[in-house]
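Residue strings, one per chain:
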Amino acid sequence: MDNNLSGEDNDNIDWDTEDELEIQEIQDTTFSSCMDLRTTGQHTVRCDGEASSSSVPCQSKFIQQFVVMGFPEASIAKAIEQNGENSDLVLDALLTFKALEDSPEEQPSASPQPCINSDDSSSEYNENFLDDVYEEDSWSSDSDSCRNSAKQCYVKVESSSSSEKEQTLSFLASMGYPAEEASIAMERCGPDASVAELTDFICAAQMARAEDVYLPEDVKPKLNHILNGSGGYKKRKMYNELCKRKKAKAIFEEETIRLPKPMIGFGVPTELVPAMVQRTLPEQAVGPPFFYYENVALAPKGVWDTISRFLYDIEPEFVDSKYFCAAARKRGYIHNLPIENRFPLFPLAPRTIHEALPLSKKWWPSWDPRTKLNCLQTAIGSAQLTNRIRKAVEDFDGEPPMRVQKFVLDQCRKWNLVWVGRNKVAPLEPDEVEMLLGFPKNHTRGGGISRTDRYKSLGNSFQVDTVAYHLSVLKNLFPDGINVLSLFSGIGGGEVALYRLGIPLNTVVSVEKSEVNRDIVRSWWEQTNQKGNLIHFNDVQQLNGDRLEQLIESFGGFDLVIGGSPCNNLAGSNRVSRDGLEGKESSLFYDYVRILDLVKSIMSRHRH
């Protein structure tokens, strides 16, 4: 599947990739899962205000106003039955229904969410965008406000169309606010204002008028009307409470195993560990072969507990690659490797953006505080987006106003854009991504593939420096070379790490679904003049006991089983089939366990 790299503004990109730019979490903040007001479920609201659906007959305008707001028809019918056709009472009832429905205390299990589908499970993993975009160390001091603003559903930019403004105005009116006051609030608060900010402004203005001693009594709004009635204050409070509950539910559903902070696992070369970390491996995990399993750190609740349980109850090692390179990549690793006497790859990889991309320093504005990039993804920002940023910035002689800075920084973090000229940003080039991830230059060109496929393959790869640090303990153990079973091997991150460590690759059995990735590994193998044997399989399910028995007999067994199963159903962008390890793609984790157990069993029989 190709990534959408051009021809679309970034706001409308169809994430047709196996990566999970989990940006869609931004759309989960309000009661309508922050659907655009123009589309709700199967009902599409036309400019004339009518709702069309292939399966639903036209409703009355009274019902349509609530359908547009994202409420299900059954709830609307129930609210109307209880309160009649009174907009205020019906809206209050619907908000109450929704708040109760979304309460985490009453609904502890996650419901299906809108998602990104992928039929390509070839690469090892994907990444939760928001988890890295909001990395505290790479954000400015106002990161909290940026985070909150980024998660507002009704964020507007100056290029917002009039139809979007009309939809917001219509939404405010449906909540009971006078259209004139709503219009004034939108004008005063600016295009970036959220619905909550607009309702706050309107209610504050109404209360100020109610207390104005110079206004005639017949002009003043009644205070009790503001606080409890159609003035909307009560509905605004319910709306805000609903947003809080929705956020709490999202956090509840996204809860993961407790992650360390800082995320340095059992130690990294650049950070001091207070005391020597020691661990005792379970007896069944000791002995050949060594194994090394990787997946996204921020998986749904219970996933890492399950992974650990199936991999001999070994404690996961959570590491962020920002300690090894200039880009964040939060990953969890379970392995039975020693953790003493590790050493990093030399020369050390650049640790900051300016070290990695020195030409960018000349053009980097003082108001862009980034020193690290966020997780490198399978897609890049469009030309329309970078042109839009240039136009937004060049309209000002000095520093742009805060609202423009915020928009630009949000997009730069989201897409890892770097400054390449005066007021000009650009996405990373494939060779720059290769360098940041620790691969040799032009590594992904070896397969003769398109730029789109290069980005996709790189976005789903290991960060080589991080993995090599963990594997470095094998160098003294296998001076004459190593036999490797590489499952879900992608573009060969594990193989490249071993090679860069100076460990000879005697035999590599590489299992990878993607033909593109297999071509990349084969080309690298030839270009680096490897002397060993490279054996390719395209499906882990081909590796049954008989096949593994034949392979082990032919060269004496595996010294290392390495890989990271697909995280399509683990990553945060997948809001429909985020089924954890039971999902179609991520359930391949159990094949990793199956194969590892078979290898251990067969090799144990051969030893005896």
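Scoring rules and cut-offs
- Residues numbered from 1 in each chain as written.
- Predicted model: local features only at pLDDT ≥ 70, side-chain atom pairs only at ≥ 80, totals over all residues.
- Heavy atoms only, no water.
- UniProt positions renumbered as here; feature names shortened; annotations may be inferred.
- Axes fitted to C-alpha atoms, helices over the stretch in contact; angles between N-to-C directions.
- Helix = DSSP H or I, 4+ residues; strand = E, 2+ residues; numbered from the N terminus.
- Parallel < 35°, antiparallel > 145°, perpendicular 65-115°, else oblique.
- Left-handed = near helix turned anticlockwise from the far one by under 90°.
- Contact = heavy atoms within 4.5 Å.
- Nonpolar A, V, L, I, M, F, W, Y, C, P; charged D, E, K, R; others polar.
- Buried < 20%, exposed > 50% of the residue type's maximum accessible area, 1.4 Å probe, protein only.
- Arc of directions from axis to C-beta.
- Phe/Tyr/Trp six-rings, centres within 6.5 Å; stacked < 30°, edge-to-face > 60°.
- Lys NZ or Arg CZ within 6 Å of the ring centre and 35° of its normal.
- Salt bridge = Lys/Arg side-chain N within 4 Å of Asp/Glu carboxyl O.
- Core = buried A, V, L, I, M, F, W, Y, C linked by side-chain atoms within 4.5 Å.
- Domains from an automatic or database assignment.
- Pairing = 2+ DSSP bridges.
- Right-handed = clockwise from strand over helix to strand, strands pointing away.
- 1 Å grid on protein atoms, 1.4 Å probe; cavity = no way out; pocket = protein on both sides within 12 Å on 5 of 7 lines; lining within 4 Å.
- Points joined across faces, edges and corners; volume = space filled by probe spheres on them.

- The name given to the protein in an unreviewed UniProt entry is DNA (cytosine-5-)-methyltransferase, with Nicotiana sylvestris as the source organism.
- A UniProt comment under Sequence similarities (unreviewed entry) is attached to the protein, and it reads "Belongs to the class I-like SAM-binding methyltransferase superfamily. C5-methyltransferase family."
- Recorded in UniProt under Subcellular location (unreviewed entry), the annotation for the protein is "Nucleus".

1. Let's talk about the packing of helix H17 (residues 464-471) against helix H18 (residues 493-500)
Inference 1: H18 packs onto H17 with a crossing angle of 60° between their chain directions and a minimal axis gap of 9 Å. The orientation of H17 with respect to H18, classified from their angle, is oblique. The handedness of the crossing between H17 and H18 comes out as right-handed. The segment H17 lies against H18, with Val 464, Asp 465, Val 467, Ala 468 and Leu 471 engaging Gly 493, Gly 494, Val 496, Ala 497, Leu 498 and Arg 500.
Inference 2: For the contact of H17 with H18, the per-class residue count stands at seven nonpolar, two polar and two charged.

2. Focus: the environment of Leu 359
Inference 1: Its place among the elements puts Leu 359 in the loop between helix H12 (353-356) and helix H13 (383-394).
Inference 2: Among the residues examined, Leu 359 registers a relative accessible area of 75% and is labelled exposed.
Inference 3: Residues Leu 359 and Gly 421 lie 62 residues apart in sequence; the distance between their C-alpha atoms is 9.4 Å.

3. Some words on helix H15 (residues 430-437)
Inference 1: Taken residue by residue, H15 has Pro 430, Val 433, Glu 434, Leu 436 and Leu 437 as its buried positions. All buried residues of H15 project into a common sector of 165° when viewed along the axis, lining one side.
Inference 2: Remark: Gly 438 follows H15 within two positions and exhibits a positive phi of approximately 90°.

4. Section: unusual backbone geometry
Inference 1: The amide bond that connects Pro 288 to the next residue, Pro 289, takes the cis arrangement and shows omega of -5°.
Inference 2: The topology assignment puts Pro 289 in the loop between helix H10 (233-254) and strand E4 (290-296).
Inference 3: Along the chain, Phe 346 connects to Pro 347 via a cis peptide bond; the corresponding omega equals -5°.
Inference 4: Topologically, Pro 347 is positioned in the loop between strand E6 (330-335) and H12.
Inference 5: Even without being a glycine, Asn 442 presents a positive backbone phi close to 65°.
Inference 6: With respect to the helices and strands, the residue Asn 442 is situated in the loop between H15 and helix H16 (451-459).
Inference 7: Of the residues examined, Asn 442 reaches a relative accessible area of 32% and is grouped as partly exposed.

5. Structural notes on the packing of aromatic side chains
Inference 1: Under the definition given, this model contains 14 aromatic pairs.
Inference 2: Measuring from centroid to centroid gives 6.4 Å for Phe 290 and Phe 478, while their planes differ by 90°, and the two rings are edge-to-face. Taken together, the residues Phe 290 in strand E4 and Phe 478 in the loop between H17 and strand E9 (482-487) connect sequence positions 188 residues apart. Both residues of the pair, Phe 290 and Phe 478, belong to the buried class.
Inference 3: Seen from their ring centres, Phe 324 and Tyr 469 are 5.5 Å apart, and the 55° between their planes marks the pair as tilted. Pair noted here: Phe 324 is in the loop between strand E5 (317-320) and E6 and Tyr 469 is in helix H17, with a separation of 145 residues, a long-range link. Exposure class is identical for Phe 324 and Tyr 469. Each is buried.
Inference 4: An aromatic cluster is built from Tyr 293, Phe 310, Phe 589, Tyr 590 and Tyr 592, whose rings are joined through pairwise contacts.
Inference 5: Positioned above the aromatic ring of Tyr 312 is the side chain of Lys 600, whose terminal nitrogen or guanidinium carbon lies 5.6 Å from the ring centre.

6. So, the pattern of salt bridges
Oppositely charged side chains can pair when the atoms bearing their charge come close.
Inference 1: Counted according to the given criterion, the structure contains twelve salt bridges.
Inference 2: In this structure, Arg 454 engages Glu 434 in a salt bridge whose closest nitrogen and oxygen atoms are separated by 3.1 Å. Separated by 20 residues along the polypeptide, Arg 454 in helix H16 and Glu 434 in helix H15 bring together distant segments of the chain. Across the pair, exposure class does not vary: Arg 454 and Glu 434 are buried alike.
Inference 3: When the shortest N-O distance is used, the salt bridge between Arg 594 and Asp 591 registers 3.0 Å. One end of the pair is Arg 594 and the other is Asp 591, both in helix H21 (residues 589-607) and three residues apart, which spans about a single turn.

7. Quick look at H16
Inference 1: Across the nine residues that make up H16, a large majority, eight, are buried.
Inference 2: When we look at burial in H16, the residues that qualify are Thr 452, Asp 453, Arg 454, Tyr 455, Lys 456, Ser 457, Leu 458 and Gly 459.
Inference 3: Buried residues along H16 sit against H15 and helix H19 (515-527).

8. Some thoughts on the nonpolar core
Inference 1: Counting residues in hydrophobic clusters, the biggest one holds 69 residues, and the most contacted among them are Val 408, Leu 471, Leu 474 and Leu 560.
Inference 2: Looking at which element gives the most residues to this core, the answer is helix H14 (residues 402-415), with six residues.
Inference 3: Mapped onto the domain boundaries, this core takes at least three residues apiece from domain 1 (351-435) and domain 2 (437-604).
Inference 4: Not counting the four nearest positions on each side in its chain, Leu 560 is found in contact with Pro 289, Phe 290, Phe 291, Tyr 292, Leu 471, Leu 474, Ile 482, Asn 483, Val 484, Leu 485 and Leu 498.

9. Observations regarding the pairing of strand E11 (residues 533-537)
Inference 1: Note that strand E10 (residues 505-511) and E11 share five bridges and pair parallel. The residue bridging Ser 510 from the neighbouring strand is His 536, located in E11.
Inference 2: Assessed by its sense of winding, the connection that carries the chain from E10 through H19 to E11 is right-handed.

10. Here we look at the packing of H13 against H14
Inference 1: Packing of H13 against H14 leaves a shortest axis separation of 10 Å and a crossing angle of 155°. Considering their axes alone, H13 and H14 lie roughly antiparallel with respect to each other. For the pair H13 and H14, the sense of crossing is left-handed. Between H13, through Leu 385, Arg 388, Ile 389, Ala 392 and Val 393, and H14, the contact on the second element is made entirely by Val 404, Phe 407, Val 408, Gln 411 and Trp 415.
Inference 2: Its residues placed into classes, the contact of H13 with H14 shows eight nonpolar, one polar and one charged.

11. Brief notes about empty space enclosed by the protein
Inference 1: Applying the stated criterion across every chain yields a total of four cavities of 30 Å³ or more.
Inference 2: The calculated volume of the largest cavity comes to roughly 110 Å³.
Inference 3: Surrounding the largest cavity, twelve residues form its lining, Gln 377, Ala 379, Ile 380, Trp 415 and Asn 416 being those nearest its centre.
Inference 4: A per-class count over the lining of the largest cavity returns nine nonpolar, two polar and one charged.

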